[in-house]
Amino acid sequence: MSLTGSFDRTLSSDDVLRRRSSLLQRLHIDGILLLLLLLLATGSLFILYSASGKNLDLLMKQASSFGIGLVAMVVIAQFEPRFMARWVPLGYLCGVALLVVVDVMGHNAMGATRWINIPGVIRFQPSEFMKILMPATMAWYLSKRTLPPSLKHVAVSLGLVVTPFVLILLQPDLGTSLLILASGAFVLFMAGLQWRWIAGAVAAIAPIAVAMWFFVMHDYQKRRVLTFINPESDPLGAGWNIIQSKAAIGSGGVFGKGWLLGTQSHLDFLPESHTDFIIAVLAEEFGLIGVCLLLLLYILLIARGLVITVQAQTLFGKLLAGGLTMTFFVYVFINIGMVSGLLPVVGVPLPFISYGGTSLITLLSSFGILMSIHTHRKWIAQA
């Protein structure tokens, strides 16, 4: 009887797993992505609570943004990729129009004009939406052309990328504009861009960088680059952020000082501790082990995105999934690089960890697109 009972319990357990899997499939949710995102969401709220100085109001706003983002992710996952593709051109035009509105009459804060503010209703950052719309537009355009793309199609693609890049650069927001540029470049690369054109683009980086230095970059952006080269040249001014960030990361050691016990952030030595420099708080309080666990979650997310890219059944889905995944990688790489002093500070938040409602909702929406590409592929295969 005990053997039979054990066998029945095994069957019932298997049935529960199958039902859960079936429910996720019907909702077009990828279980692996969902689990990783929930782990990140839970951990990020703990870190943000400490980094913000135990600010419950800010924590509740971030939790609300997570909730809205998860709802948006589930809703977006229900739409087939081919349905999304039909609306991409309109979405791109609306995104560019909103960027123009920002440059003309946007809300100014901390010396930058990046937001549209509707008093008493909402304040949002349109450039965040371009992180999805840019790779989607490139995927839509290139998937309808013969690949590898011809010179004409490459020129049109570059025009699609440069337009929002310049508009965001004017805000000024160098970090986001570089992410937009990277997202378009990744899709173009995956479309089979010829190597001689890639070599030409690499060769053009130096003169373009020089031109940006003299004609595009603002004084504070130049100071950031110079500070990256030698932060100790102005330890109480431009070099303060990087020096304090390194101090926080190094003081955490292997195991960290403990949650809520960080000194650099709680004594206000570390600037922007709840936004761009939040990983320094994580390193100080949870040490090398905490940082490695966060990196592991990021690596698993990126690996899952690449698997979805490889398994996508349509060219549009493959280009879009790859573009979103690699943009997410650049997002993580730039933030960690600048906080650790390996890259200049360009104002890029840490995905899912830094405080920011629009950024969080956009990121979760992008993973909803990945889920749609993957789960609808399964549905087509079974049909």
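Residues numbered from 1 in each chain as written. Predicted model: local features only at pLDDT ≥ 70, side-chain atom pairs only at ≥ 80, totals over all residues. Heavy atoms only, no water.

## Notes on the packing of aromatic side chains
When we look at a pair of aromatic rings, we describe it by the centre distance and by the angle of the planes. In the structure shown here, the tally under the stated rule is ten aromatic pairs. Judged by centre distance (6.5 Å) and plane angle (55°), the rings of Phe83 and Trp87 are tilted. Remark: Trp87 and Phe83 occur in helix H4 (residues 81-105); sequence separation between them is four residues, near one turn of the helix. Consider the rings of Phe124 and Phe129, whose centres lie 6.0 Å apart with planes at 40°: the pair is tilted. Using a relative accessible area of 15% as the deciding quantity, one classes Phe124 as buried. For Phe129, a relative accessible area of 31% translates into the label partly exposed. Members of the aromatic cluster, joined through ring pairs, are Tyr298, Phe328, Phe352 and Phe367. (Phe/Tyr/Trp six-rings, centres within 6.5 Å; stacked < 30°, edge-to-face > 60°. Helix = DSSP H or I, 4+ residues; strand = E, 2+ residues; numbered from the N terminus. Buried < 20%, exposed > 50% of the residue type's maximum accessible area, 1.4 Å probe, protein only.)

## Considerations on helix H3 (residues 56-77)
With 22 residues, H3 should cover 32 Å at 1.5 Å per step; its first-to-last C-alpha distance of 31 Å lies within 8% of that length. Inspection of H3 places Leu58, Leu59, Gln62, Ser65, Phe66, Gly69, Ala72, Met73 and Ala77 among the buried residues, and these make up the whole buried set. Mapping the buried residues of H3 onto a view down its axis gives an arc of 145°, with all of them on the same face. Seen from the open side of H3, the exposed residues pointing more than 90 degrees away from its buried face are Leu56, Asp57, Met60 and Val71. Capping the start of H3 is the job of one residue whose side-chain oxygen sits 3.1 Å from the backbone nitrogen of Asp57: Asn55. (Expected span 1.5 Å × (residues − 1). Arc of directions from axis to C-beta. Polar contact = N/O pair within 3.5 Å; in protein donor to acceptor, adjacent residues only side chain to side chain.)

## A look at the packing of helix H8 (residues 195-203) against helix H9 (residues 205-215)
Two numbers describe how H8 lies on H9: the axes approach to 4 Å, and their chain directions differ by 35°. Two secondary-structure elements touch here, H8 through Ala201, Val202 and Ala203 and H9 through Ile205, Ala206 and Pro207. Taken together, the residues of the contact of H8 with H9 break down into six nonpolar, no polar and no charged. (Axes fitted to C-alpha atoms, helices over the stretch in contact; angles between N-to-C directions. Contact = heavy atoms within 4.5 Å. Nonpolar A, V, L, I, M, F, W, Y, C, P; charged D, E, K, R; others polar.)

## Points about the nonpolar core
The tendency in soluble globular proteins is for nonpolar side chains to be buried as a group. Leu301, Phe328, Phe352 and Phe367 are the most contacted members of the largest nonpolar core, which has 91 residues in total. Ranked by residue count, the leading element in this core is helix H13 (residues 278-311), at 13 residues. (Core = buried A, V, L, I, M, F, W, Y, C linked by side-chain atoms within 4.5 Å.)

## A word on the pairing of strand E2 (residues 112-118)
Within E2, five of the seven residues are buried, which leaves it mostly tucked inside the rest of the structure. Two strands pair when backbone bridges link them, and E2 and strand E3 (residues 122-124) are joined in this way by three bridges, in the antiparallel orientation. Along E3, the bridge assignment pairs Asn117 with Arg123. Two successive antiparallel strands, E2 and E3, enclose a turn made up of three residues, where Gly120 displays a positive phi of approximately 80°. (Pairing = 2+ DSSP bridges.)

## Points about unusual backbone geometry
Residue Pro148 is bonded to the preceding Leu147 through a cis peptide linkage, with omega at 0°. Structurally, Pro148 is set in the loop between helix H5 (126-143) and helix H6 (151-169). Here Gln171 and Pro172 are connected by a cis peptide whose omega angle stands at -10°. Relative to the helices and strands, Pro172 resides in the loop between H6 and helix H7 (174-190). A positive phi angle, close to 60°, is found at His28, a residue other than glycine. On the accessibility criterion, His28 (13% relative accessible area) is buried. Even without being glycine, Phe352 reaches a positive phi, approximately 70°. As for its placement among the helices and strands, Phe352 is situated in the loop between helix H14 (315-339) and helix H15 (357-382).

## Thoughts on the pattern of salt bridges
Applying the stated rule across the entire model yields five salt bridges. Taking the shortest distance from any N to any O, the salt bridge between Asp57 and Lys61 comes out at 3.7 Å. Taken together, the residues Asp57 and Lys61, both in helix H3 and four residues apart, mark about one turn of the helix. Between Lys131 and Glu128 there is a salt bridge; the shortest N-O distance is 2.9 Å. Taken together, the residues span about one helical turn, with Lys131 and Glu128 both in helix H5 at a distance of three residues. (Salt bridge = Lys/Arg side-chain N within 4 Å of Asp/Glu carboxyl O.)

## Quick look at the confidence of the model for the chain
Within the chain, residue pLDDT values average 84, and 90% of them lie at 70 or more. Put simply, helix H1 (residues 2-26) is where the chain has its lowest mean pLDDT, 56, and H13 is where it has its highest, 94. Contacts from residues 6-11, a stretch scored under 50 in pLDDT, to residues over four places away or in other chains number zero contacts. The low-confidence segment residues 379-383 (pLDDT under 50) makes two contacts with residues lying over four places distant or belonging to another chain. (pLDDT = per-residue confidence, 0-100.)

## As for a nonpolar patch on the surface
On the surface, Val254, Phe255, Leu288, Ile289, Leu293, Leu296 and Leu300 cluster together into a nonpolar patch covering about 670 Å² of accessible area. As for its placement among the helices and strands, Ile289 is situated in helix H13. (Patch = residues over 30% accessible without salt bridge, like charges linked within 9 Å, V, L, I, M, F, W, Y side chains within 5 Å. Areas by Shrake-Rupley, 256 points an atom, 1.4 Å probe, with all protein chains shown as cover.)

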